[in-house]
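Fold and geometry: a report
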Amino acid sequence: MKIAILNTYEQMGGAAKAAYRLFLGLREAGHDTAYLVRTRSGKPDPDIVQMDAFNRSLLAIDKLMQRYYATLNRTPVSNTPFTITYAGVNTTLTPRLQEADIVNLHWIEKFLSLQSLQQILALGKPVVWTLHDEKPFTGGCHYTSGCEAFREDCGECPQLKYDPYRVARKTLEAKLELLKEVDLTIVTPSRWLAERAASSALFRGRRIEVVPNGVDTEIYRPMDKGSSKAVFGIDSETVVLQFGAQDTREKRKGFASLVEAIDIALEDETFAKMAKEGKIVVLCVGEPSGEIEALPIEKISTGYIDGDEKMARLYDATDLFVLPSLEDNLPNTMLESMACGTPVVGYASGGIAEVVDEDNGRTVPTGDSRALAGAIVEMVLNEQSRKECGKRARELVVSRYKISDQVERYLELFREISEARGESRKKKDEDFGRHFDCVAGYALRMEAKRNNHLFREEKAPESEERKDPRLSELLSSLERLCAVRVWKHPLKKLEAYRELLALYHRIKNGV
């Protein structure tokens, strides 16, 4: 079977790691598998193909839209990414995709636009979309932070401060238009995400399968804890707590709650005494926040760890992995830690509660920092309990979450879908860019204002420049710029933008 797996990044991030492991497992099982990505990061591999056939003009506008309408336009509700993927790769130029028997999409933001997806669907091949967060069925957010509007229309997005063009609603409408009457199978790593997808306006009524991510249990395995601790300069008798993420400042990762839990844990006399004597150490993987740095407990910050072997050694050096996520799917870190025989303590959010229980770790109600503190103290002070939970955690991962288990379930699904697939209906090509021309115009206008000082108010209210009648010429030029439809005429749009800047500088210089 010829399989094409698509993901934005080759190995960076949890979704990429899961997709890459699946790619390796399918190839090792003897299948002709291509891993198609936007950004490569590993060693050369003939089966890993970088797709970079982007319209450069649209790509430039995409960056401005992301910056001005999303990144700089967020409310305090969430700081998890909200993405607008306007420019997508031209998928028709990739032979390995055209030749595939089945297409498996994974995390595709800033890689595949709606137009790109339309090209893939037009191939008439079976398509399986593996979800790694909630973005595929929302209008832009990757985690909803309690909002339920994705069940209907994504109207009034609470994560955007200023949304005059209703970008979330328009995005969901465009997705509904694209996927109407399309034969598409959804896969989620957790039951939690499957239930969320099933309740969404976009995927309601579709086939949704739960296939957990897999872990290489030959790499992620128990070793000698004393030796592993020595690698990081830690005494063998020291209790090591580990937590981490690519960015510990992301709110949904729960590190503010974790800091509160550690402060509460320090109210316990025995825990506080151990911490003061350096018998408890925190290993922080990633970039720690200022609040974490300020904790009155010894810390070792590892930064970003590259490579499974290094990461496995880090888990083995750990006595207790703390996972305070407020929203999450099925974290790789949880499975990796458990595979190394290190128990997990965390909130019962998302897919975490589907794996961690009282036999192999501890979960507490999401957001209850006092309960989290109690679980941490209990496990830190009870070495025997940690060992028993770690042993059962390893057994669980080996029995259910090996890469071979994941590969087998995907192959079974791929075969079933391929055999049952009837003749696909050719859909009429749609111009999805029309949904977002107004947003693109807004982004270009903001770029003109902010980066080129076109209409900033001067400090002196009687500035001669503000009285200059030629300012109206600039305003007229800007209106002409915003009237150009971006999707149909991206080069014309950029040319109009350059003309606007040239006019501005002529006026500034008195020419």
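Residues numbered from 1 in each chain as written. Predicted model: local features only at pLDDT ≥ 70, side-chain atom pairs only at ≥ 80, totals over all residues. Heavy atoms only, no water.

Observations regarding the overall build of the protein chain
Broken down by element type, the protein chain carries 19 helices and 13 strands. Within the protein chain, the proportion of its 511 residues that are buried is 56%. A separation threshold of at least 6 residues defines the contact pool for the protein chain, and within that pool the share at least 24 residues apart is 71%. As presented, the protein chain carries roughly 22500 Å² of accessible surface, and 49% of it is formed by carbon and sulfur atoms. (Helix = DSSP H or I, 4+ residues; strand = E, 2+ residues; numbered from the N terminus. Buried < 20%, exposed > 50% of the residue type's maximum accessible area, 1.4 Å probe, protein only. Contact = heavy atoms within 4.5 Å. Areas by Shrake-Rupley, 256 points an atom, 1.4 Å probe, with all protein chains shown as cover.)

Here's the deal with the pattern of salt bridges
Overall, the coordinates contain 29 salt bridges when judged by the stated rule. Its salt-bridge partner being D328, residue K253 comes within 4.0 Å of it at the nearest N-O pair. Of the two residues, K253 is situated in the loop between β8 (239–247) and α8 (255–265) and D328 in the loop between β11 (320–323) and α12 (332–339); the sequence distance between them amounts to 75 residues. For the pair formed by K253 and D328, the shared burial category is buried. Among the ionic contacts, a cluster of salt bridges with common partners joins R27, D32, D45, D47 and R96. (Salt bridge = Lys/Arg side-chain N within 4 Å of Asp/Glu carboxyl O.)

Considering the packing of α8 against helix α13 (residues 369–381)
Direction vectors running N to C along α8 and α13 enclose 55 degrees, while the axes themselves pass 8 Å from each other. Considered as vectors, α8 and α13 are oriented oblique to each other. The two elements α8 and α13 cross, and the hand of that crossing is right-handed. Contacts between α8 and α13 pair S257, L258, E260, A261, I262, I264 and A265 from the former with S369, R370, L372, A373, I376 and V377 from the latter. (Axes fitted to C-alpha atoms, helices over the stretch in contact; angles between N-to-C directions. Parallel < 35°, antiparallel > 145°, perpendicular 65-115°, else oblique. Left-handed = near helix turned anticlockwise from the far one by under 90°.)

Thoughts on the packing of aromatic side chains
Here the structure, examined in full by the defined rule, presents 16 aromatic pairs. Between F137 and F150, the aromatic rings sit 5.3 Å apart at their centres with planes inclined by 50 degrees, giving tilted as the arrangement. Within this pair, whereas F137 is found in the loop between β5 (127–130) and α5 (167–179), its partner F150 is found in the loop between β5 and α5, the two being separated by 13 residues in sequence. Considered together, F137 and F150 belong to a single accessibility category, that of buried residues. Taken together through their ring pairs, the aromatic side chains of Y69, Y162, Y165 and Y442 make up a single cluster. Above the face of the F54 ring, R38 is positioned so that its terminal group lies 4.5 Å from the ring centre. (Phe/Tyr/Trp six-rings, centres within 6.5 Å; stacked < 30°, edge-to-face > 60°. Lys NZ or Arg CZ within 6 Å of the ring centre and 35° of its normal.)

Some remarks on helix α1 (residues 14–28)
For α1, with 15 residues, the first-to-last C-alpha span of 21 Å sits near the 21 Å given by 1.5 Å per residue. Those residues of α1 not exposed but buried are A15, A16, A18, A19, Y20, R21, L22, F23, G25 and L26. At the C-terminal side of α1, G30 shows a positive phi close to 100 degrees. (Expected span 1.5 Å × (residues − 1).)

Things to note about the pairing of strand β2 (residues 32–39)
By the bridge criterion, 7 bridges tie strand β1 (residues 2–9) to β2 in an arrangement that is parallel. For N7, the partnering residue across the bridge sits in β2 and is V37. At this point the chain moves from β1, through α1, to the parallel β2, and the crossover so formed is right-handed. Here β2 pairs with strand β3 (residues 48–50) via 3 bridges, running parallel. Among the inter-strand pairings, Y35 is bridged to a residue of β3, identified as I48. (Pairing = 2+ DSSP bridges. Right-handed = clockwise from strand over helix to strand, strands pointing away.)

Here we look at the nonpolar core
Core analysis: the largest hydrophobic core is formed by 61 residues, its most contacted members being L6, M65, F82, L105, L112, W129 and F203. It is helix α2 (residues 56–70) that provides the largest number of residues to this core, a total of 8 residues. Residue contacts for F82: discarding those within four places in its chain leaves Q66, A70, R74, G139, G140, C141, H142, C157, Q159, L160, V167 and A168. If you look at the next biggest cluster of nonpolar residues, it comprises 33 residues, including L258, F271, V282 and M379. (Core = buried A, V, L, I, M, F, W, Y, C linked by side-chain atoms within 4.5 Å.)

Some remarks on helix α14 (residues 383–400)
Over its 18 residues, α14 extends 26 Å from the first C-alpha to the last, a length consistent with the 26 Å expected when each residue adds 1.5 Å. Structurally, the start of α14 carries an N-cap: the backbone nitrogen of Q384 is 3.3 Å from a side-chain oxygen of N382. (Polar contact = N/O pair within 3.5 Å; in protein donor to acceptor, adjacent residues only side chain to side chain.)

Thoughts on the packing of helix α9 (residues 269–276) against α13
Close contact between α9 and α13 brings their axes to 10 Å; oriented N to C, the two are set at 65 degrees. It follows that α9 is roughly perpendicular to α13 by the angle criterion. Considering how the two elements wind past one another, α9 and α13 form a crossing that is left-handed. Across from T270, F271 and M274 in α9, the residues of α13 making contact are I376, V377, V380 and L381. Residue classes in the contact of α9 with α13 are distributed as 6 nonpolar, 1 polar and no charged. (Nonpolar A, V, L, I, M, F, W, Y, C, P; charged D, E, K, R; others polar.)

Structural notes on the sheet that holds strand β7 (residues 208–210)
The 7 strands lie next to each other as β3-β2-β1-β4-β5-β6-β7, forming an open sheet whose pairing is parallel. With one partner strand each, in any of the chains shown, β3 and β7 form the two edges of the open sheet. Going across the sheet, the axis of each strand differs from the next one's by a mean of 25 degrees, ignoring polarity. Contacting β6 (184–188) and β7, helix α6 (residues 191–198) runs over the sheet at an angle of about 170 degrees to β7.

What about the environment of E408?
Its location among the elements puts E408 in helix α15 (residues 403–420). Sequence separation of E408 and G25 is 383 residues, and the distance between their C-alpha atoms is 9.2 Å.

Here's the deal with the environment of R434
Mapped onto the secondary structure, R434 falls in the loop between α15 and α16 (437–452). Here the alpha-carbon distance between R434 and A174, two residues 260 residues apart in the chain, equals 9.7 Å.

A few points about the state of the cysteines
As used in these notes, a disulfide is a covalent bond between sulfur atoms, one from each of two cysteines. Summed over all chains, the structure comprises 0 disulfides. Note on C157: no disulfide assigned, nearest cysteine sulfur contributed by C141 at a separation of 6.1 Å. (Disulfide = S-S within 2.5 Å.)

Concerning the side chain of Q66
Structurally, Q66 is set in helix α2. Side chain to side chain, Q66 and K110 meet in a polar contact 3.1 Å long. Apart from the residues lying within four places of it in its own chain, the contact partners of Q66 are T71, F82, T83, I84 and K110.

Section: the confidence of the model for the protein chain
Across the protein chain, the average pLDDT comes to 86, with 85% of residues at 70 or higher. Across residues 453–467, confidence stays below pLDDT 50; counting only partners more than four residues off in sequence or on other chains, it has 23 contacts. (pLDDT = per-residue confidence, 0-100.)

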